[in-house]
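Below are the chains, spelled out letter by letter.
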Amino acid sequence: MSFVSIREVGPRDGLQNEDPVPAGAKVRLLDALSATGVGRIEAVSFVHPKAIPQMADADEVWAAARKNPAVHYSALVPNSRGAERALKAGFGEIEVVVSASETHNQRNVNRSTGESLDDIAGLIDLLHGAGATAEVIISTSFGCPFEGDIDPARVLGIVDRVVADGADRIAFGDTTGMATPRRVQDVVGLVRDRHPDIPLLLHFHNTRGAALANILTAMRMGITEFDASVGGLGGCPYAPGATGNVATEEVVHLLHDMGYETGIDLKALIEAAAMAQEIVGRELPSGVLKAGPRIPF
């Protein structure tokens, strides 16, 4: 039986796109997810509160959370100051983002992609010097709401740069759900041919209903690490009204039926999804949360 690793991103990427919720509620959700058997959780991001007020209480939330020693927790940072905060908080796995789309990068962080890559090179050195790992997330890898299609060769060029600078892992972000199986094949195939050994993780949104198909396509190409968000928590800021991250319980439900192992207790995960729905006060898009598993527990 093959193992597929799921990183739960609801506490960070999911809640970051929702109306702010109290720190205590964030801790409850994080603790519930830590008890589901999921092996990796993106817990918080250390960003300036003016930029993302939803994460203003990151230090408080992380300090109060019960840390399950079986779980690898990671944090997202925008720059060296955020990295220093994450390191001080005790994180050893840290993520940083750059956009494949020049326009998206400018609108997101008010700098060019090249400038962001220069900063990331220094940040990687900072993290490695502190004994932490650096994951580089390349957002808009499969398309951009401003520029349209992104040439896979551009994505490859960014991978070339960050691998040369020492990145430990690369993640491809489907920022507004523009990925399709064909585009997954194009990007992953090109990168795998050039960098067969660098660990790859894929982050799909379900904006246009293609996330599960994209995951299966990537799995056929040998990818075994994916992001997902409990309940489908989160949204697409550039696609108003659209669903955001693929729901973790939908991914787990499908993989288990296909004979793959994830280490995750689906019943506990659905209960966590119900908690997430209660916390944000709106109906979440997960079909498995609404209908339950195909065979009742």
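Residues numbered from 1 in each chain as written. Predicted model: local features only at pLDDT ≥ 70, side-chain atom pairs only at ≥ 80, totals over all residues. Heavy atoms only, no water.

1. A short note on the overall build of the protein
So, step 1. Along the protein, the regular secondary structure elements total 12 helices and 8 strands.
So, step 2. Its C-alpha atoms put the protein at 50 × 40 × 35 Å along the principal axes.
So, step 3. The buried share of the protein, taken over its 297 residues, is 55%.
So, step 4. Considering only contacts in the protein between residues 6 or more positions apart, those separated by 24 or more positions represent 74%. (Helix = DSSP H or I, 4+ residues; strand = E, 2+ residues; numbered from the N terminus. Buried < 20%, exposed > 50% of the residue type's maximum accessible area, 1.4 Å probe, protein only. Contact = heavy atoms within 4.5 Å.)

2. Some thoughts on the nonpolar core
Generally speaking, nonpolar side chains in soluble globular proteins are found buried as a group.
So, step 1. Counting 88 residues, the largest nonpolar core has Phe91, Val136, Ile138, Ile170, Phe172, Leu202 and Phe226 as the members making the most contacts within it.
So, step 2. In terms of residue count, helix α11 (residues 266-280) provides more of this core than any other element does, 8 residues in total.
So, step 3. Excluding its chain neighbours within four sequence positions, the residues that come into contact with Ile170 are Val136, Ile138, Val159, Val162, Val163, Ile198, Pro199, Leu200 and Leu201. (Core = buried A, V, L, I, M, F, W, Y, C linked by side-chain atoms within 4.5 Å.)

3. Details of the packing of aromatic side chains
So, step 1. If you walk through the whole model with that rule in mind, you get 4 aromatic pairs.
So, step 2. Where Phe142 meets Phe204, the ring centres are 5.8 Å apart and the plane angle is 35 degrees; that geometry is what we call tilted. Placement of Phe142 in the loop between β5 (133-139) and α7 (152-164) and of Phe204 in the loop between β7 (200-203) and α9 (211-220) is noted, with a sequence separation of 62 residues between them. The same class applies to Phe142 and to Phe204, which are both buried. (Phe/Tyr/Trp six-rings, centres within 6.5 Å; stacked < 30°, edge-to-face > 60°.)

4. Topic: the environment of Pro78
So, step 1. Inspection of the secondary structure assignment puts Pro78 in the loop between β3 (72-76) and α4 (80-89).
So, step 2. Spatially, the C-alpha atoms of Pro78 and Val98 are 9.2 Å apart, while their sequence positions differ by 20 residues.
So, step 3. Residues in contact with Pro78, not counting those within four places in the same chain, are Phe46, Val47 and Val96.

5. A word on unusual backbone geometry
So, step 1. In this model, Asn110 sits at a positive phi of 60 degrees, which is unusual for a non-glycine residue.
So, step 2. You can see Asn110 is positioned in the loop between α5 (102-109) and α6 (113-129).
So, step 3. According to the relative accessible area criterion, Asn110 is exposed, its value standing at 67%.
So, step 4. We note that Thr140 has phi near 50 degrees; this positive angle belongs to a residue other than glycine.
So, step 5. On the basis of relative accessible area, Thr140 is assigned to the buried category, the value being 0%.

6. A look at the pairing of strand β1 (residues 5-8)
So, step 1. Across the two faces of β1 the burial is the same, with Ser5 and Arg7 and Ile6 and Glu8 all buried.
So, step 2. Strand direction decides the pairing type here: β1 and strand β8 (residues 225-228), joined by 4 bridges, are parallel. Residue pairing in the sheet places Ile6 in a bridge with Phe226 of β8.
So, step 3. Relative to strand β2 (residues 40-45), β1 is paired through 2 bridges, and the arrangement is parallel. In the sheet register, Arg7 faces β2, and the bridge partner there is Arg40. (Pairing = 2+ DSSP bridges.)

7. Some details on the sheet that holds strand β6 (residues 169-173)
So, step 1. A barrel is described by the order of its strands in space; here 8 strands give the closed sequence β1-β2-β3-β4-β5-β6-β7-β8, paired in parallel fashion. Across the sheet, the mean angle from the axis of one strand to that of its neighbour is 30 degrees, orientation sign disregarded.
So, step 2. Pairing geometry for β2 and β3, over 5 bridges, is parallel. When the sheet's bridge partners are listed, Arg40 is paired in β3 with His72.
So, step 3. Packed on one face of the sheet, α7 meets β4 (93-99), β5 and β6 and runs near 155 degrees to β6. (Axes fitted to C-alpha atoms, helices over the stretch in contact; angles between N-to-C directions.)

8. Comments concerning the packing of α4 against α6
So, step 1. It is the contact of α4 with α6, at a shortest axis distance of 10 Å, that shows an interaxial angle of 15 degrees. In terms of orientation, α4 and α6 fall into the roughly parallel class. By crossing handedness, the relation of α4 to α6 is classed as right-handed. For the pair α4 and α6, contact is made by Ser80, Ala83, Glu84 and Leu87 and by Leu123, Leu126 and Leu127, respectively.
So, step 2. Of the residues contributing to the contact of α4 with α6, the split by class is 5 nonpolar, 1 polar and 1 charged. (Parallel < 35°, antiparallel > 145°, perpendicular 65-115°, else oblique. Left-handed = near helix turned anticlockwise from the far one by under 90°. Nonpolar A, V, L, I, M, F, W, Y, C, P; charged D, E, K, R; others polar.)

9. Quick look at the pattern of salt bridges
So, step 1. Summed over all chains, the structure comprises 24 salt bridges.
So, step 2. For Arg182, the salt bridge goes to Asp186, with nearest N and O atoms at 3.8 Å. Here Arg182 and its partner Asp186 are both found in helix α8 (residues 181-194), 4 residues apart, which amounts to about one turn of the helix.
So, step 3. Judged by its relative accessible area of 48%, Arg182 is partly exposed.
So, step 4. The network of salt bridges with common partners includes Arg7, Arg40, Glu93, Glu95, Glu135, Arg169, Glu225 and Asp227. (Salt bridge = Lys/Arg side-chain N within 4 Å of Asp/Glu carboxyl O.)

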